[in-house]
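Geometric and topological summary
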Amino acid sequence: MTDPIIKFDKVVKRFGDLTVLNKLDFEVQRGEKVSIIGPSGSGKSTVLRILMTLEGIDGGVVTVDGEPLWHEKAPDGTLKPASETHLRKMRTQLGMVFQQFNLFPHMTVLRNITEAPVKVLGLSKKEARQRAEELLELVGLADQAQKYPGQLSGGQKQRVGIARALAMRPNILLFDEPTSALDPELVGEVLNVIRKLADEHDLTMLLVTHEMRFAKEISDRVCFFDRGRIREEGTPEELFTDPNEDRTREFLAAVLDEAPGTTG
Amino acid sequence: MHWTEYFGPLAEGAWVTVQLTVYSTILGAILAFASGIGKLSSNWAIKAVSVAYIEVFRGTSLLVQLFWLYFALPLAGMALGIDLRLPPVMAGVLALGLNIGAYGAEVVRGAIQSVHKDQHEAARALNFTSRQTLWTITIPQAIPEMMPSFGNLAVQNLKDTALVSLISLGDLTFRAEQIRNFTQDSTTIYSMLLVAYFGMALVLTALMRGLEAYVSRWRMAGS
Ligand SMILES: Nc1ncnc2c1ncn2[C@@H]1O[C@H](COP(=O)(O)OP(=O)(O)OP(=O)(O)O)[C@@H](O)[C@H]1O
Ligand SMILES: [Mg+2]
């Protein structure tokens, strides 16, 4: 295969005494849509949070688009911890959609989407507004631009969250259980938006989810995380219909059992 | 002197009290923001100055601060060969503002820290600098949080202005004291004084509520 856009090379992450990622090796190809599934506490969110630079690492190297994320190359070729300047440069590649939406409650929907493009990317207000309007159209909220997040349903909030992340034009979009905080009847509208994005050829997507049917539908590859390692990975067909590992089978049996007929 | 004649001088004094309150509350708010944010700064020098200011002015009495600014500072200045004599109004506004600013600083700091971690993470994911995050994400959300305490501090400040009569500033209390010395009519004059301060406090509280509603508009929207 060609150079991966994301590469975890023996990445270690600890919280105090707890080793959450233990020499994780993980690669994602450009444009690939990867779903991450696994039991609670297995380190799924941690992987996304490390990529979004919300969480540092304790060992190994994470590479994004060929450049180390948490390190910088010193003049003598060795790796030293990344500066904030380096992190800011690297972050332009990535966007994140949060489980709890994390919209800015004091800004209108429109400003939630335009603020970073104006302040961070230096777009003119007009350009940012135009971009936001296109994105609101895409997520089906063109008529909600002037509302505050507090006036929206959960499903609408998450669609704004997606539009806000897209407004920065990331190459890689990270979704951390984007529908877990939603009432069941609102899950579908968010999945529909994500489904549209999955058709975008160039966008690399990493999706942590409990929506197995949806993961199966949109992913090129599914990774089953267990205790900070990838226990098993493969195409959705391989993993969902004929898993090799007992752990995978047990997990799938448990989640499919607890949520029969889940949306999407 | 009939009691209705007290109104003239009392109104004059009340106007001085209003001015003192307004100026010192504004000064206090500026100092509260500067030092409340400063206390959270990663720059140790800014942090040290902020902490020192907050602790000194919370740890000493307003009256002593006032006397120090009005009586001691000029002497200290004289020793250094600089003229540091302050007009009474200036000394009053400074002392009140410095005092209320130190208390307000803790309110500002607390409100900024109460903004949820999720908001910082969203800001980071969108690549805002820490300064942009502070001014566009954190502070606007922290301000409504500060308003109830700021309202209390403003009323506290109004009541504290009575102390400036001790440096011969012609505020409401000073005028009342003058009339009392002249007429010996303590009951009437102090009753009027009470009502006057209470009335001003009511107006101030209403103004602060209005301001609170204004800065919290987004909270009222919908839900
Ligand atoms: N900031 C933190 N401090 C301490 N421990 C943490 C912290 N963040 C995560 N952990 C721990 O790290 C482990 C992995 O967390 P992570 O959030 O990556 O799991 P997850 O696979 O996303 O689980 P879930 O499905 O519940 O979201 C968990 O045991 C969690 O308690
Ligand atoms: Mg998680």
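The rules we used
- Residues numbered from 1 in each chain as written.
- Chains lettered and ligands numbered in written order.
- Predicted model: local features only at pLDDT ≥ 70, side-chain atom pairs only at ≥ 80, totals over all residues.
- Heavy atoms only, no water.
- UniProt positions renumbered as here; feature names shortened; annotations may be inferred.
- Axes fitted to C-alpha atoms, helices over the stretch in contact; angles between N-to-C directions.
- Helix = DSSP H or I, 4+ residues; strand = E, 2+ residues; numbered from the N terminus.
- Parallel < 35°, antiparallel > 145°, perpendicular 65-115°, else oblique.
- Left-handed = near helix turned anticlockwise from the far one by under 90°.
- Contact = heavy atoms within 4.5 Å.
- Nonpolar A, V, L, I, M, F, W, Y, C, P; charged D, E, K, R; others polar.
- 1 Å grid on protein atoms, 1.4 Å probe; cavity = no way out; pocket = protein on both sides within 12 Å on 5 of 7 lines; lining within 4 Å.
- Points joined across faces, edges and corners; volume = space filled by probe spheres on them.
- Pairing = 2+ DSSP bridges.
- Polar contact = N/O pair within 3.5 Å; in protein donor to acceptor, adjacent residues only side chain to side chain.
- Core = buried A, V, L, I, M, F, W, Y, C linked by side-chain atoms within 4.5 Å.
- Buried < 20%, exposed > 50% of the residue type's maximum accessible area, 1.4 Å probe, protein only.
- Near = heavy atom within 4 Å.
- Areas by Shrake-Rupley, 256 points an atom, 1.4 Å probe, with all protein chains shown as cover.

Looking at an unreviewed UniProt entry, chain B carries the name Ectoine/hydroxyectoine ABC transporter permease subunit EhuC, with the source organism given as Devosia oryzisoli. In UniProt, chain B has this text filed under Sequence similarities (unreviewed entry): "Belongs to the binding-protein-dependent transport system permease family. HisMQ subfamily."

1. Concerning the packing of helix H3 (residues 62–80) of chain B against helix H4 (residues 88–113) of chain B
Residue and element names in this part refer to chain B. Interhelical geometry of H3 versus H4 gives an angle of 140° and a closest axis separation of 9 Å. Between H3 and H4, the angle falls in the class oblique. As for how H3 packs across H4, the hand of that crossing is right-handed. Only Pro-88, Ala-91, Gly-92, Leu-94, Ala-95, Leu-96, Leu-98 and Asn-99 of H4 make contact with H3, whose side of the interface consists of Leu-62, Gln-65, Leu-66, Leu-69 and Tyr-70. The residue inventory of the contact of H3 with H4, partitioned by class, reads ten nonpolar, three polar and no charged.

2. Comments concerning empty space enclosed by the protein
Under the criterion given, the structure shown has two cavities of 30 Å³ or more. One number sums up the size of the largest cavity: a volume of about 60 Å³. Among the secondary structure elements, those contributing two or more residues to the lining of the largest cavity are strand E8 (94–97) and helix H5 (154–166) of chain A together with helix H5 (117–125) of chain B. For the lining of the largest cavity, a count of residues per class yields eight nonpolar, two polar and one charged.

3. Let's talk about the sheet that holds strand E1 (residues 4–15) of chain A
Residue and element names in this part refer to chain A. Read from one edge of the open sheet, four strands run E2-E1-E4-E5, paired in antiparallel fashion. Each edge of the open sheet carries a strand with a single partner, namely strand E2 (18–29) and strand E5 (67–68). Taken together, the two bridges between strand E4 (residues 59–64) and E5 define a ladder with antiparallel strand orientation. Looking at the pairing, Val-64 lines up with Glu-67 of E5. Where helix H1 (residues 44–51) meets the sheet, its contacts fall on E1, E2 and E4, and the angle it forms with E1 comes to roughly 115°.

4. Considerations on the environment of Tyr-190 of chain B
Residue and element names in this part refer to chain B. Following the sequence through the fold, Tyr-190 ends up in helix H8 (residues 186–215). On a C-alpha basis, the gap between Tyr-190 and Glu-177 in space is 8.7 Å, while along the polypeptide they are 13 residues apart. The residues contacting Tyr-190, other than those within four sequence positions of it, are Glu-177 and Arg-180. At a separation of 3.1 Å, a polar atom in the side chain of Tyr-190 contacts the side chain of Arg-180.

5. Quick look at the UniProt feature "domain: ABC transmembrane type-1" (unreviewed entry) in chain B
The UniProt feature table records "domain: ABC transmembrane type-1" (unreviewed entry) at residues 14–208 of chain B. Secondary structure content for residues 14–208 of chain B is 83% helix and 0% strand, and the end C-alpha separation is 19 Å.

6. Some words on the nonpolar core
Residue and element names in this part refer to chain A. Judged by nonpolar contacts, the single largest core of 45 residues is most densely connected at Phe-8, Phe-26, Leu-51, Leu-174 and Leu-206. The dominant element in this core, judged by the number of residues it contributes, is E2, at five residues. Formed by 35 residues, the second largest nonpolar core is a distinct cluster that contains Val-97, Phe-101, Val-190 and Phe-214.

7. Here's the deal with the site of ligand 1
Residues and elements named next belong to chain A. Lining the immediate surroundings of ligand 1 are Phe-15, Leu-18, Val-20, Pro-39, Ser-40, Gly-41, Ser-42, Gly-43, Lys-44, Ser-45, Thr-46 and Glu-177. Note that an oxygen atom of ligand 1 is positioned 2.7 Å from one of the side-chain N or O atoms of Lys-44. Here an oxygen atom of ligand 1 sits 3.4 Å away from a polar atom, N or O, in the side chain of Glu-177. The protein chains hide 59% of the 630 Å² of surface that ligand 1 would expose on its own. Listed by contribution, the elements that provide at least two residues to the shell around ligand 1 are E2 and H1. Among the elements that make up the shell around ligand 1, the one with the highest residue count is H1 (three residues).

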